[in-house]
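# What the coordinates show
What follows is each chain in one-letter form.
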Amino acid sequence: MLIIGMILFGVLVGAAAQLILGRSRSGIDWTLAFVAGIGGSFAGGLLISLLAGDGLNLRPSGIIGSLAGAIIVTAVWLWWKARAAAGAD
């Protein structure tokens, strides 16, 4: 049950990252939300929680780090896609 909760939290964080970056005009890319949410939550959330001294407990620093990590992953993904599309033209 914990794993399902973590996956759902990651998808929600990934979707929130797309909304923050203005991607909502064309709709939410749920594959990107999943990848960015899980990857960003793991990297950003874990790093910020450990740096803040919270350990592996669920604290606001980990949630903020998860969102920051998901925003970074989403921004890099969108940049990469735009670069690939520009190179194909």
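Computed from a predicted model, the values in this text were never measured in an experiment. (Residues numbered from 1 in each chain as written. Predicted model: local features only at pLDDT ≥ 70, side-chain atom pairs only at ≥ 80, totals over all residues. Heavy atoms only, no water.)

## As for the UniProt feature "transmembrane region" (unreviewed entry) in the protein
Using the residue numbers shown here, the UniProt feature "transmembrane region" (unreviewed entry) corresponds to residues 27–51 and 63–80. Here residues 27–51 runs as 88% helix and 0% strand, with 34 Å between its end C-alpha atoms. Helix makes up 100% of residues 63–80 and strand 0%, with an end-to-end C-alpha separation of 26 Å. (UniProt positions renumbered as here; feature names shortened; annotations may be inferred. Helix = DSSP H or I, 4+ residues; strand = E, 2+ residues; numbered from the N terminus.)

## Focus on helix α2 (residues 30–52)
Approximately 30° is the largest bend angle found in α2, and it occurs at S41. Of the residues that open α2, the one with a side-chain oxygen 3.3 Å from the backbone nitrogen of T31 is D29. Backbone geometry just downstream of α2 places G53 in the positive-phi region, at approximately 85°. (Bend = angle between axes of the 7 residues up to and from the residue. Polar contact = N/O pair within 3.5 Å; in protein donor to acceptor, adjacent residues only side chain to side chain.)

## Comments concerning helix α1 (residues 2–20)
Residues that lie three or four places apart on an α-helix share one face, since the helix turns once every 3.6 residues. Under the 1.5 Å per step criterion, the end-to-end length of α1 is 27 Å for 19 residues, consistent within 8% with the ideal 27 Å. Taken together, the buried positions of α1 are G10, V11, V13, G14, A15, A17 and Q18. Positive phi appears at G22, one or two residues downstream of α1, with a value of about 85°. (Expected span 1.5 Å × (residues − 1). Buried < 20%, exposed > 50% of the residue type's maximum accessible area, 1.4 Å probe, protein only.)

## Side note on a nonpolar patch on the surface
Taken together, the side chains of I3, I7, F34, V35 and I38 make up a nonpolar region of the molecular surface, amounting to roughly 420 Å² of accessible area. Those elements that provide at least two residues to the nonpolar patch are α1 and α2. Considering each element in turn, the nonpolar patch owes the most residues, three residues, to α2. With respect to the element layout, I7 can be found in helix α1. (Patch = residues over 30% accessible without salt bridge, like charges linked within 9 Å, V, L, I, M, F, W, Y side chains within 5 Å. Areas by Shrake-Rupley, 256 points an atom, 1.4 Å probe, with all protein chains shown as cover. Salt bridge = Lys/Arg side-chain N within 4 Å of Asp/Glu carboxyl O.)

## As for the side chain of Q18
By the element assignment, Q18 lies in helix α1. Exposure remark for Q18: the relative accessible area of 0% places this residue in the buried category. A polar side-chain atom of Q18 sits 2.9 Å from the main-chain carbonyl oxygen of D29.

## Side note on the environment of A68
Tracing the backbone through its elements, the reader meets A68 in helix α3 (residues 60–88). The exposure class assigned to A68 is partly exposed, which follows from its relative accessible area of 35%. Sequence separation between A68 and G45 is 23 residues; the distance between their C-alpha atoms is 8.1 Å.

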